[in-house]
Amino acid sequence: MHSSRGGAGPAHPLFGGAMSAAVPRGAVDVSDLREIPDNQEVFAHCHTDQSLVVELLEHQGQVADADAAEFHFDDVAGSNKALEPEALEVSGVEPLPVSELSLSQCSSAWVLTGVQLVSKFNEAARNTVALHLGLLRLPQFSTDLLVTFNDPLTISPESSSSIIPEEDSGGSGSAESPPEPWTVQDFHRLLRSLTLHDPGLFE
């Protein structure tokens, strides 16, 4: 298996190799640290509080394509306990041309940008998180594929996220510099590179 720590180029296997995508440099596979639901792949930046989530969800056939991204944004807000009006805001929803995607089976694709106030581990402290959400609709597989990039804008001093481990300063000084924070371009690169290798994933 390729590691994605050296750059954003190598395709990283997802869901046991049934899919793959270009995961950005500095990504830690959270399933190596804790249990993750079978319908998710979760990657955390090794030096920031950023995360990327690839998620297979039930296709919401009753929701029009143009409204589906906001439907899932509200669903994510519920998971983040950010349902009150002042805790979430959508700043834009744009269609993504399917011709730009490696996932040729996709019927339509959308990108949403928004902000949520999110508590971590049920803490009272709330962090302001920019949320970039990519939705790839796969009705023939009864699936909505969601890619979420969580990019903290401000972190409450009371949040556990404000505690960042110190760098190990001991040593020869030849250690690599930490990876740069991820960008929206990294999110779009992952979204566009998603590839299906085994349709049996959806059975």
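Residues numbered from 1 in each chain as written. Predicted model: local features only at pLDDT ≥ 70, side-chain atom pairs only at ≥ 80, totals over all residues. Heavy atoms only, no water.

Peer 1: What exactly am I supposed to notice about the overall build of the protein here?
Peer 2: When helices and strands are counted, the protein shows two helices and 10 strands. Going residue by residue from the N terminus, the α and β elements of the protein occur as β-β-β-β-β-α-β-β-β-β-α-β. Taking as baseline every contact in the protein between residues at least 6 positions apart, the subset at least 24 positions apart corresponds to 58%. Entry remark: accessible area of the protein is about 10600 Å², with carbon and sulfur atoms responsible for 51%. (Helix = DSSP H or I, 4+ residues; strand = E, 2+ residues; numbered from the N terminus. Contact = heavy atoms within 4.5 Å. Areas by Shrake-Rupley, 256 points an atom, 1.4 Å probe, with all protein chains shown as cover.)

Peer 1: What should I look at first to understand the packing of aromatic side chains in this one?
Peer 2: In this description, an aromatic ring pair is defined by two values, namely the gap between the centres and the angle between the planes. All chains considered together, the criterion is met by two aromatic pairs. A ring pair is formed by Phe141 and Phe202, whose centres lie 4.6 Å apart and whose planes are at 15 degrees; its orientation type is stacked. Placement of Phe141 in the loop between β8 (126-138) and β9 (143-154) and of Phe202 in the segment after β10 (195-196) is noted, with a sequence separation of 61 residues between them. You'll find Phe141 and Phe202 in the same group, each marked buried. For the pair Phe149 and Phe187, a centre-to-centre distance of 6.3 Å together with 20 degrees between the ring planes defines the contact as stacked. Residue Phe149 is found in strand β9, and its partner Phe187 is found in helix α2 (residues 184-193); the two are separated by 38 residues along the sequence. In this structure, Phe149 and Phe187 share a single accessibility class: buried. (Phe/Tyr/Trp six-rings, centres within 6.5 Å; stacked < 30°, edge-to-face > 60°. Buried < 20%, exposed > 50% of the residue type's maximum accessible area, 1.4 Å probe, protein only.)

Peer 1: Mind showing me how you'd approach the sheet that holds β10 here?
Peer 2: By way of backbone hydrogen bonds, the strands of a sheet pair with one another, either parallel or antiparallel. Judged by pairing direction, the sheet is antiparallel, and its three strands sit side by side in the order β1-β2-β10 without closing on themselves. Both edges of this open sheet fall to β1 (11-14) and β10, since each of them pairs with a single strand only. Note that strand β2 (residues 19-22) and β10 share two bridges and pair antiparallel. Bridge pairing in β10 links Ser20 to Thr195. Here α2 sits on the sheet and contacts β2 and β10; the angle it forms with β2, its principal contact strand, is near 150 degrees. (Pairing = 2+ DSSP bridges. Axes fitted to C-alpha atoms, helices over the stretch in contact; angles between N-to-C directions.)

Peer 1: Would you mind showing me how to read the side chain of Gln60 here?
Peer 2: On the secondary structure map, Gln60 appears in the loop between β5 (51-58) and α1 (65-79). Judged by its relative accessible area of 16%, Gln60 is buried.

Peer 1: Would you mind showing me how to read the pattern of salt bridges here?
Peer 2: For side chains of opposite charge, pairing can occur when their charged atoms come near one another. In this structure the tally under the stated criterion is four salt bridges. Linking Arg137 and Asp65 is a salt bridge whose minimum nitrogen-to-oxygen distance equals 2.8 Å. Placement of Arg137 in strand β8 and of Asp65 in helix α1 is noted, with a sequence separation of 72 residues between them. Residue classification places Arg137 among the buried residues on the basis of a relative accessible area of 1%. Its relative accessible area of 32% is what places Asp65 among the partly exposed residues. One connected set of salt bridges, linked through shared partners, spans Asp65, Arg137 and Asp144. (Salt bridge = Lys/Arg side-chain N within 4 Å of Asp/Glu carboxyl O.)

Peer 1: Would you mind going over the pairing of β1 with me for this structure?
Peer 2: By the alternation rule, side chains of β1 split into His12 and Leu14, which are all buried, and Ala11 and Pro13, of which none is buried. Taken together, the four bridges between β1 and β2 define a ladder with antiparallel strand orientation. Within the sheet, the bridge partner assigned to Leu14 lies in β2 and is Met19.

Peer 1: Honestly, the nonpolar core in this entry has me stumped. Any pointers?
Peer 2: A general feature of soluble globular proteins is that nonpolar side chains tend to end up buried together. Ranked by size, the top nonpolar core spans 30 residues in total, and within it Leu136, Leu145 and Leu194 carry the most contacts. Among residues more than four places away in sequence, those in contact with Leu194 are Leu14, Met19, Ser20, Ala21, Val54, Ser102, Leu103, Leu136, Leu145 and Val147. Ranked by size, the runner-up nonpolar core spans 14 residues in total, among them Ala68, Ala69, Phe73 and Trp110. (Core = buried A, V, L, I, M, F, W, Y, C linked by side-chain atoms within 4.5 Å.)

Peer 1: Could you clarify how one ought to interpret the side chain of Gln50 in this entry?
Peer 2: Here Gln50 shows up in the loop between β4 (40-45) and β5. In contact with Gln50, other than residues within four places in its own chain, are Phe43, Ala44, His45, Phe149, Asn150, Asp151, Pro152, Pro181 and Trp182.

Peer 1: I keep staring at unusual backbone geometry and nothing clicks. Help me out?
Peer 2: Within the chain, Phe15 stands out as a residue other than glycine whose phi angle is a positive 50 degrees. The exposure class assigned to Phe15 is buried, which follows from its relative accessible area of 11%. Positive phi outside glycine occurs at Ser142, with the angle close to 55 degrees. You can see Ser142 is positioned in the loop between β8 and β9.

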